[in-house]
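Here is what each chain is made of, one letter per residue.
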Amino acid sequence: MDMDLKDLMEFVQTTARSVGAEISSPWFYLQFGLILAAAGIAYAADAGVHNRVDMNSVANRWPLPLRHFARVMVASASTAVFTLLVIISRVVMYHATWPSRSYLLMVAAKLGLAWLAIRLLTSVLRNAFFVRLVSVAAWFVAALSILGQLDSTVDLLDSYAIVLGGLRLTPLLLLKAGALLILALWLTNIASNFAESKINSTTDLTPSVQVLLIKIIRIGLLAVAIVIALGTVGIDLSALAVFSGAVGVGIGIGLQKIVANFISGIILLADKSVKPGDLVTIGDNTGRISAMKTRYISVAAGDGREFLVPNEDLVTQKVVNWTYTDKNTLVKITFGTNYDADPKLVCKLAIETASAHPRAQKGKPPNCLLTEFAEAGMKFSLTLWLADPDGMDAVKSDVMLALWDAFKREGIRVPYPVREIRVRGGALPVETTVEVPN
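To start, this report covers the structure provided alongside it. Computed from a prediction, not measured in an experiment: that's the story for all the values here.

**What to know about the nonpolar core**
For soluble globular proteins, nonpolar side chains are generally found buried alongside one another. If you look at the biggest cluster of nonpolar residues, it comprises 22 residues, and the most contacted ones within it are Phe335, Leu382 and Leu384. Going through the elements one at a time, strand E8 (329-337), helix H13 (343-355), strand E10 (378-386) and helix H14 (392-410) are the ones with two or more residues in this core. By size, the runner-up hydrophobic cluster in this structure holds 14 residues, among which are Leu212, Val280, Ile282 and Ile297.

**Comments concerning the pattern of salt bridges**
Following the criterion strictly, the structure yields four salt bridges and no others. Aspartate 278 serves as the salt-bridge partner of lysine 275, at 3.2 Å between the closest nitrogen and oxygen. For aspartate 278, a relative accessible area of 3% puts it in the buried group.

**A short note on the state of the cysteines**
Within this structure, the stated rule accounts for zero disulfides. Here cysteine 347 is not disulfide-linked; the sulfur of cysteine 368 is the nearest cysteine sulfur, at 3.6 Å. Residue class for cysteine 368 comes out buried when judged on its relative accessible area of 7%.

**Side note on the layout of surface pockets**
Its boundaries defined by the atoms lining it, the largest pocket holds a volume of some 720 Å³. Listed by contribution, the elements that provide at least two residues to the lining of the largest pocket are helix H5 (103-122), helix H6 (128-146), helix H7 (150-159) and helix H8 (171-200). In terms of residue count, the dominant contributor to the lining of the largest pocket is H8 (nine residues). Per-class residue counts for the lining of the largest pocket are 21 nonpolar, three polar and one charged.

**Things to note about H13**
Over its 13 residues, H13 extends 18 Å from the first C-alpha to the last, a length consistent with the 18 Å expected when each residue adds 1.5 Å. Taken together, the buried positions of H13 are Val346, Cys347, Leu349, Ala350, Thr353 and Ala354. Taken around the axis of H13, the buried residues stretch over an arc of 165°, which confines them to a single face. Exposed residues pointing more than 90 degrees away from the buried face of H13 are listed as Lys344 and Lys348. In this structure, the buried side of H13 is in contact with E8, strand E9 (367-373), E10 and H14.

**Observations regarding the packing of aromatic side chains**
Taken as a whole, this structure holds three aromatic pairs when the rule is applied. Ring geometry for phenylalanine 335 versus phenylalanine 380: centroids 5.4 Å apart, planes at 15°, classification stacked. With a gap of 45 residues between them, phenylalanine 335 in strand E8 and phenylalanine 380 in strand E10 connect regions that are remote in the sequence. A single burial state applies to phenylalanine 335 and to phenylalanine 380, both of which are buried. In this structure an aromatic cluster arises from ring pairing among Phe335, Phe380 and Phe407.

Rules of the game
Residues numbered from 1 in each chain as written. Predicted model: local features only at pLDDT ≥ 70, side-chain atom pairs only at ≥ 80, totals over all residues. Heavy atoms only, no water. Core = buried A, V, L, I, M, F, W, Y, C linked by side-chain atoms within 4.5 Å. Buried < 20%, exposed > 50% of the residue type's maximum accessible area, 1.4 Å probe, protein only. Helix = DSSP H or I, 4+ residues; strand = E, 2+ residues; numbered from the N terminus. Salt bridge = Lys/Arg side-chain N within 4 Å of Asp/Glu carboxyl O. Disulfide = S-S within 2.5 Å. 1 Å grid on protein atoms, 1.4 Å probe; cavity = no way out; pocket = protein on both sides within 12 Å on 5 of 7 lines; lining within 4 Å. Points joined across faces, edges and corners; volume = space filled by probe spheres on them. Nonpolar A, V, L, I, M, F, W, Y, C, P; charged D, E, K, R; others polar. Expected span 1.5 Å × (residues − 1). Arc of directions from axis to C-beta. Contact = heavy atoms within 4.5 Å. Phe/Tyr/Trp six-rings, centres within 6.5 Å; stacked < 30°, edge-to-face > 60°.

This is the structure in structure tokens:
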């Protein structure tokens, strides 16, 4: 360690003496009481403001910057009222007595103003966790600066170090790297979202190419952001080569499936075998691909369910893509009639019924074939073409219902199995009752 224990103890003792001298003064308790009173009034005012002010209608007719400022102030009404009251108390005590006797009020006012400024700056962010993290970190730094302890805290954090090869790791370095990484990732997310909106609005690219470009841009921006953030704080990336072996072992042991799904996703996007909007059947599940992610694809079944299928399964298993090269879909309907019916009339009725459906393609007329003389009757196969596979089952049901009505009109019966039981060589057994005496 660069800083020995003696220096640390001297720093702690000096701070303790300073705090003790401040607390022993009666003016400290007066200032502390004024701060508590301001906090209570601010809490009550905040409840009253939020009960009487509609956040959606605050300053609707004002210019955008002023409207934004007003809404932030209303949302942080307690802090604004507290800061205003403390500033007034500070001004009064400053002119009524010595300036040093209102030092605590000055610190509280500066801390309140710093929090309002931070809330105003972070209000442009959308992620609640990110806003909270940045706000607390920035306010902590501002508090140290207001108290005059920022430089000593920085020196203290930089005094403890762990040397790994040519890399010197300190708490200060890790905090700087973390802050810059968060900022870089936030800017990367904004840039990638902007690029995604532009790519999705381009009609010259297929959906799979759009997704592929978006993923490449996101990965590229992420890599650049990490390199810039680490380079800015002075971390030499070549010094991290010592960790490459451990990362390789980790990928080989625990991240095989993740890497396999990632590479499979790139392959699927490149060969265009599936793309967003395709109707696919994977195993027993059928639905449209609603999204293609780094690890999986999302298949919407149409009944509210979504199947998350790993990308590796699409590469290694059999996948039925109903819209791979052509959306035209053949619907096949099998049915049977008894032998009393005229098979030519049955085929004619079936073709006319299928042709009358509004979704049947006119350029590809339906067809009906007699496929089998079965034991229970004749079997037929009716086929018709649809321009899109959506709602195949509904079309099939409509045609079968219309075919049933046509058979009823023509007196054509649909066969169904009939079972007869014949008893030979005796009568049916009769149930007998045996009385048992008490």
